[in-house]
Every structure is written in C-alpha cells, then in structure tokens.
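# A look at the structure
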Amino acid sequence: MKLSVVILNYNVRYFLHQCIISVQRATKNIEAEIIVIDNASPDDSCKMVKEFFPEITLIENKDNVGFSKANNQAVKVAKGEYVCILNPDTAVAEGAFEKCIGILESSKKIGGIGVYLLDGTGNFLPESKRNIPTPFISLLKILGFTKKYYASKLSEEASGSVSVLVGAFMFLERNVYNQVGGFDEDYFMYGEDIDLSYKIEQAGYKNHYIGSTETLHYKGESTQKDAAYLDRFYGAMEIFYKKHFNSNQLLNASVKLGVSLAKKIKGSSSEERKKLAPISQEAIVLTENLQLLKVLSEKIEIPLTSSSKAIFQDTELTNTLFIFDVDYMPYHQIFMVMKKFKNKNNQFRIRPSGCNFIIGSDKSDEKGSVLVF
C-alpha cells in the first residue's frame, strides 16, 4: 500500500462527503486507502460513509477524544508507506498526492509536506506555512500582528522549507510519523500540528511547503474563531512552551493579557464583518447537466444561467455566484477559477460528483453553507 489518507471527522457530514470524493479522485492512480475516524458526531456522518463509501475504513469513536488521539488511533491501523492527515472540510486537487510522493521519494531529508491552502472565498490561508511560534511571536499573533508567525519570506506559490505545517493537510512517511511519536495527546485541539512539525525538525528532517498544488480548506466549518478559540489557542501554546521552551509567570501573564485584549477586539469587529458578506446579483452554473441546471433554478432565487469554461476569459465578473459541477470541472480547475475571481464580491459553491447538494463558505471564520436539493 502506497498511501493512507486519514480523515478525522466531527459533525460535518456534507463536507466530509466532498472530501472523500476529492480524495478518491486524487488517488485514482495510487494504491491507496481512506480511513475515516469519527469523534462521536451527532449528525449522520457515519451513516453517510456506510451508505455511499462502504469500501473505506470507518472507525466510530463513542466519545470525542480530540484531534491528536484520534489521528494516532487511525495511523495505527494504516497500511500505507505514506500517510496524509486531512481535515474533513477540505477538497484535494487532482495530482496533489502524487506531487507529495515525488518530493519525498527524491529526498530523504524531507520530513513533512504541506500544500497551498485556499479558503472558500479563493483566498490563500497563510497558516499553510508558518514559523516556530516562540512565546513572543505567539503573543504578537494573538494581538493581530501575524507577520512573524507566518513564513512570509516564502511566497504563496513558491516551494521550499518551512518550520511549521498545518494539520488540515500534513503528508509524511508513516515511519517518520511513528519515529517522532505521532501527535502529542496532551493537546486536545490546536497546537498538535505545531508540535509534530517541531518534533520532525528536531529529529533531523526538514518540513517542506508546495505552492504549486492546492487544497481547499473551508476552515470555519469545523471550528469558529471566537473567544473560546482564543482560550484553546493559548492553552495549546502553553503546553508547547512547557515542553520545548522555558516558560515563566511573566510570560504567561503577558499572553493571558493578550488573549483578553484580542477577545475585546474580536467582539467589537463582529458587526463590521457581518456587513461585508457578499450579495450575488446572478448565478452561473458550470455544468453540462441539464437536470442539475433545472433543479438549481428552482432552488436559487437570483437569475441563473449555465455557461462553459470559456466564460473565464472575462475578467470583469463581479457580484456573481459561481456553482461548479465537479463532473464537468475538476477540482484543480475550480481552484484556479476561485483564485482568479477572488475579492470581487463573488461567491463560490461546489457540487461534488454525483451529489444532491452544493457547498461553500463565504468567510473563513464562520460556518459554511449547504444547499440540499
């Protein structure tokens, strides 16, 4: 077995459905297995997996055991030479896994690999590549000064060494994962990927970022960035410092003050963020499926038309809802379009192959949108 893709799910049934479909497409030419581990989701995620994907491995936890423990649990039963830790609210571009395998096979010095992550609006997610978060850097990050937290010296579409990868997509040899002890189970949520990245480099490997292949990460669908998030982030950093840095009372007090200030800033800006939600004037469906077009026209209130890929020669499309049919456009093309038409008051929705729903997200820190038809 060449590759094991581990998807840890909690309560995101429709996003998990798309994630699995994208992984199946991306592993078409690879001997691979998919392992879904569910942390006691209250929705029908497990039922969906059994109904639509009976061939894949499903592990159903009776309790939410957290990110670290669940992923370690899944990797223990993995058979692949390589393992990819993947969030359920992602969609992987075709060819992404093959690029990762090619890079790892070309250099034994590389430990983990991350890729270009974009959110549901087509914008780059800077946590795709990060620096080691020293206590001072983390304090700056909590207060909103993120330049030193992210590996900004390496451009978004470049490739090269970075210190910290993101747990939404981490690709590495299974032997390396086991060598460094996998994810540290002292972390429940947040910080595990920083810790694992740090342990990989401490073991003598280099982490690597690929800017030439994308993965869509809705990000806000699994967790929202609220006051509770700031508390969890600080708690995770506190664990990290105690394990790898010299922590002290003055530092802890400073970071707690930073968390308190960040909460106040977050609260005062919430109404402003709501006002910035895009409002589409028309919808364009990229499909050759006339039945899909008919069904969507009955569900969507704004004017709706179908179009071919040729429409993307027009660079002035604004205030538009793009609906992509994956049976017509592969993910890597969809991501290219999203990047091209981002920040123009556009919205993006995807209909995964063969599915009766479209999904998307207009803000990377808020819940996503699902329309079932």
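A brief report on the enclosed structure follows. (Residues numbered from 1 in each chain as written. Predicted model: local features only at pLDDT ≥ 70, side-chain atom pairs only at ≥ 80, totals over all residues. Heavy atoms only, no water.)

### Describing helix H2 (residues 45-52)
- Those residues of H2 that fall on the buried side of the exposure criterion are Ser45, Cys46, Met48 and Val49. Buried residues of H2, seen end-on, are gathered within an arc of 160 degrees and therefore sit on one face of the element. Away from the buried face of H2 by more than 90 degrees, exposed residues Lys47 and Glu51 are located.
- Tucked into the core, H2 has its buried residues touching strand E1 (3-9), helix H1 (13-26), strand E2 (32-39) and strand E3 (57-61). (Buried < 20%, exposed > 50% of the residue type's maximum accessible area, 1.4 Å probe, protein only. Helix = DSSP H or I, 4+ residues; strand = E, 2+ residues; numbered from the N terminus. Arc of directions from axis to C-beta. Contact = heavy atoms within 4.5 Å.)

### Concerning the pairing of strand E13 (residues 347-351)
- In terms of burial, E13 is largely enclosed, as 5 of its 5 residues are buried.
- Side-chain alternation along E13 places Gln347, Arg349 and Arg351 on one buried face and Phe348 and Ile350 on a second face that is also buried.
- Alignment of strand E12 (residues 320-325) against E13, held across 5 bridges, turns out to be parallel. The partner of phenylalanine 324 across the bridge, within E13, is isoleucine 350.
- With helix H11 (residues 331-340) bridging E12 and its parallel neighbour E13, the resulting β-α-β unit is right-handed. (Pairing = 2+ DSSP bridges. Right-handed = clockwise from strand over helix to strand, strands pointing away.)

### With respect to unusual backbone geometry
- Here alanine 40, not a glycine, exhibits a phi torsion of approximately 60 degrees, which is positive.
- A relative accessible area of 28% places alanine 40 in the partly exposed class.
- Phi at asparagine 343 takes a positive value of approximately 60 degrees, unusual for a residue other than glycine.
- Mapping asparagine 343 onto the fold places it in the loop between H11 and E13.
- Taking the relative accessible area as the measure of exposure, asparagine 343 reaches 61% and is therefore exposed.

### Thoughts on the packing of H1 against H2
- Running from N to C, H1 and H2 point in directions that differ by 35 degrees, and their axes come no closer than 9 Å. Viewed along their axes, H1 and H2 form a crossing whose handedness is right-handed. Contacts between H1 and H2 involve Arg13, Leu16, His17 and Ile20 from the former and Ser45, Met48, Val49 and Phe52 from the latter.
- Partitioning the contact of H1 with H2 into residue classes produces 5 nonpolar, 2 polar and 1 charged. (Axes fitted to C-alpha atoms, helices over the stretch in contact; angles between N-to-C directions. Left-handed = near helix turned anticlockwise from the far one by under 90°. Nonpolar A, V, L, I, M, F, W, Y, C, P; charged D, E, K, R; others polar.)

### With respect to the environment of alanine 32
- Within the fold, alanine 32 resides in strand E2.
- When the C-alpha atoms of alanine 32 and valine 5 are compared, they prove to be 7.5 Å apart, with 27 residues separating the residues in sequence.
- The contacts of alanine 32, once residues within four sequence positions are left out, are Met1, Leu3 and Thr27.

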